[in-house]
Amino acid sequence: MPRALEAEGVTVRFGGLVAVNGVSLALDEGAILGLIGPNGAGKSTLFNALTGYVKARGQVSFYGRRVDRLQPYARTRLGMGRTFQIERPFEGLTVLENVLIPAFLRAAGPAEAERVAYAALEQVGLADRALQPSSDLNLARRRRLELAKALAVQPKVLFLDELMAGLNPPALKEMIGFVRSLADSGLAIIMVEHIMEAVTELCEEVIVLAFGEKIAHGTPQVVMNDERVVEAYLGGADE
Amino acid sequence: MTQGPDAPRGAAPAARPPRPSLLASPWPRLALVAAAFAAWYFVFPSALSLGITLMLLAGWATAWDLLGGWTGQASLGHAAFVGLGAYTVGVTAANFDLAPWWAALLAMAAAALLALLWGRLTFGLRGAYFVLSTIAIAEILRLVAINERRLTGGAVGLFIFDLQEPFGLDLFSRHVEFWFSLGYLLLVLVVVALVTRGRLGYQMRAVREDEASAQAAGINPVAVKSWAFVLSAALTALGGCLYGVFLSALQPQPLFELHLSVRIALVAIIGGRGTLFGPLVGAALITLAAELFRTTFAQANLLIYGLLIVLVVLFMPRGIMGELERRVVRRRYAKSARG
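Let me begin by describing the structure that accompanies this report. Bear in mind the structure is a predicted one, so any value in this text is a computation, not a measurement.

A short note on the packing of aromatic side chains
All names here are of chain B.
1) Next: Evaluated as defined, the whole model comprises 18 aromatic pairs over all chains.
2) Next: Centroid distance Trp60 to Tyr243: 5.0 Å. Interplanar angle 80 degrees. Geometry classified as edge-to-face. With Trp60 in helix H2 (residues 48–70) and Tyr243 in helix H10 (residues 221–247), the pair connects residues that are 183 residues apart, well separated along the chain.
3) Next: Accessibility expressed as a relative area gives 3% for Trp60, which makes it buried.
4) Next: Each ring, one from Phe178 and one from Trp179, has its centre 5.8 Å from the other, and the planes form 80 degrees; the classification is edge-to-face.
5) Next: Phe178 sits in the buried class, given a relative accessible area of 0%.
6) Next: For Trp179, a relative accessible area of 35% puts it in the partly exposed group.
7) Next: What links up through ring pairs into an aromatic cluster is the set Tyr41, Phe42, Phe178 and Trp179.
8) Next: A cation over an aromatic ring shows up here: Arg205 above the ring of Tyr202, its NZ or CZ 4.0 Å from the ring centre.

Notes on the packing of helix H1 (residues 27–43) of chain B against H2(B)
Packed helix pairs are characterised by how far apart their axes lie and by the angle those axes make with each other.
Residues and elements named next belong to chain B.
1) Next: Close contact between H1 and H2 brings their axes to 9 Å; oriented N to C, the two are set at 160 degrees. Considering the angle they form, H1 stands roughly antiparallel to H2. Handedness of the crossing formed by H1 with H2: left-handed. On H2, the residues that touch Phe37, Trp40 and Tyr41 of H1 are Leu48, Leu50, Gly51, Leu54 and Met55.

A few points about the pairing of strand S2 (residues 17–27) of chain A
Residues and elements named next belong to chain A.
1) Next: Two elements, strand S1 (residues 5–14) and S2, share 7 bridges in a ladder whose sense is antiparallel. When the bridges of S2 are listed, Glu6 appears paired with Ala26.
2) Next: Between S1 and the antiparallel strand that follows it, S2, lie 2 residues; Gly15 among them carries a positive phi value of about 60 degrees.

A closer look at the environment of Val12(A)
Residues and elements named next belong to chain A.
1) Next: Locating Val12 in the fold gives a position in strand S1.
2) Next: Considering only alpha carbons, one finds Val12 and Phe178, 166 residues apart in sequence, at a separation of 32 Å.
3) Next: Among all residues touching Val12, those that are not within four sequence positions of it are Leu17, Val18, Ala19, Val20, Thr45, Ala49, Val54, Lys55 and Ala56.

Considerations on the sheet that holds strand S8 (residues 188–192) of chain A
All names here are of chain A.
1) Next: Taken in spatial order, the 6 strands make up an open sheet running S6-S7-S8-S3-S9-S10, and their pairing is mixed. The open sheet is flanked by strand S6 (80–82) and strand S10 (213–218), the only strands paired with a single partner. Shown here is a sheet whose adjacent strand axes are inclined to one another by a mean of 20 degrees, direction ignored.
2) Next: Relative to S8, strand S7 (residues 157–161) is paired through 5 bridges, and the arrangement is parallel. Of the residues in S8, the one forming a bridge with Leu160 is Met191.
3) Next: The sheet strands contacting helix H9 (residues 227–234) are strand S3 (32–36), strand S9 (205–210) and S10, and the helix crosses S10 at an angle near 130 degrees.

A short note on the pattern of salt bridges
1) Next: Summed over all chains, the structure comprises 15 salt bridges over all chains.
2) Next: The shortest N-O distance in the salt bridge between Glu204(A) and Arg180(A) comes to 3.9 Å. With Glu204(A) in the loop between helix H7 (196–202) and S9 and Arg180(A) in helix H6 (residues 169–184), this residue pair connects regions lying 24 residues apart in the sequence.
3) Next: Overall, Arg180(A) belongs to the partly exposed group, its relative accessible area being 26%.
4) Next: For Glu211(B), the salt bridge identified is with Lys225(B), shortest N-O distance 3.0 Å. Here the residue Glu211(B) occupies a position in helix H9 (residues 211–216), and Lys225(B) occupies one in helix H10, the gap between them amounting to 14 residues.
5) Next: Overall, the relative accessible area of 23% leaves Glu211(B) in the partly exposed class.
6) Next: Given a relative accessible area of 2%, Lys225(B) falls into the buried group.
7) Next: One network of salt bridges, with partners in common, ties together Glu87(A), Glu91(A), Arg142(A) and Arg143(A).

Calculation rules
- Residues numbered from 1 in each chain as written.
- Chains lettered and ligands numbered in written order.
- Predicted model: local features only at pLDDT ≥ 70, side-chain atom pairs only at ≥ 80, totals over all residues.
- Heavy atoms only, no water.
- Phe/Tyr/Trp six-rings, centres within 6.5 Å; stacked < 30°, edge-to-face > 60°.
- Helix = DSSP H or I, 4+ residues; strand = E, 2+ residues; numbered from the N terminus.
- Buried < 20%, exposed > 50% of the residue type's maximum accessible area, 1.4 Å probe, protein only.
- Lys NZ or Arg CZ within 6 Å of the ring centre and 35° of its normal.
- Axes fitted to C-alpha atoms, helices over the stretch in contact; angles between N-to-C directions.
- Parallel < 35°, antiparallel > 145°, perpendicular 65-115°, else oblique.
- Left-handed = near helix turned anticlockwise from the far one by under 90°.
- Contact = heavy atoms within 4.5 Å.
- Pairing = 2+ DSSP bridges.
- Salt bridge = Lys/Arg side-chain N within 4 Å of Asp/Glu carboxyl O.

So this is what it looks like as structure tokens:
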């Protein structure tokens, strides 16, 4: 049985800077993999490499199929859904139209797309705002819209880029519960996250990046006590 | 009352109140447009030429809007397709005695091909660079029209004086041309209405708003832009065929000129990009205002024409229909939220 997502030796260079250096990871259905690390560690760049938004070397496989030469839209069509760190709603459109667009990917026609879109909006609790212009939404709701858009393509692997950042405690709790329920339904989820509460509650496995390299890999508890990880976050004793 | 996050979940779907749907019908308003121009024919029989130029301009601008408004790739080269249509009818009639309806099909195919090739070359360009590149399309065709003297008559031009008659209709009669132009305008409006309510239409909006986000929705931006360009070019060329017959005297200078391209784009922008009826409203406003000012203010007409454009752009950045639509969207949401 091939893994839902497998990456080997993913390397991204921006000119002379190596932003991601030979990172490997693997993910199974129903699992949640956390990706943490200090600012500038290359987490979002790794995400963009896996989903095809930046050029990268190395191999990426989706259910055993090589995807590393594919354009982002082709990876989406296979079943890789993603959110963006800075939410990117289709500003000029309503909430419903925003979700209708990804819903069209697997729908036979407009009526079915509308059904899929409403289902995704209901999942994230935005159905009652379907007709609101998306530019009028507040931050928490923009995040939920971002998630609804990713769900509307009916992905098998879901990439969540700092979905929890900036949410207040009740909204955070709600979002954690929701992500958990998605994994329970069989989705494979990989998340970049700074909110440790979310990471420890959701992830069985965590990968820590620093300066583009994988420096630790394991359960959240083990990783948080790793010497190199503490050093990466807090700075080392003088060397 | 709509389904809220706090409403009890798991209720039987049939018990749910009907959800507000996006798919409101544009057909009644289309019928109204048809009726209004039909009325024009009988009320202003002495202003048929004005009606024809208005409907053709509206048709081109509506076709332009598929690419420039709905897909967000503004073109300043659409005169190329107008000229291509006009010249195809003229050249094929003069040299090969080809019937104008076959010439129209040929012109649409040629315009589609040109758009496809141009798109392949230039859709990698961002923002203003794409816009600038489109200016070259009309420029290239203008040079071809000037230099291919044997076919096009060069700078002197080409006369269309003999055309095969469909069903015995004299295509040079203003009466016939009026109804053909109305048919053309309605055809463009119907095509745009159908396209923009379906999958391609939403993909076009997505590409306009955010290409990265569109890719995350499984959309290939280059393919979507190419489709929009091809449809837009072919529809514009069809109107160009009618314009060629209407003018009967074709010259590279006014036909392929930047001025015409700008006019098409401007009319759509003033009326409201990315709205079905915006380009028509813009075309009507500009054409009628120009006519009115030309007769009443003589020399000052260009000044007033310019002022009008500045006012609309300043106070209605989305265009007339764009601002109206925005208001309707807000009102509909307020209504649905109140329940």
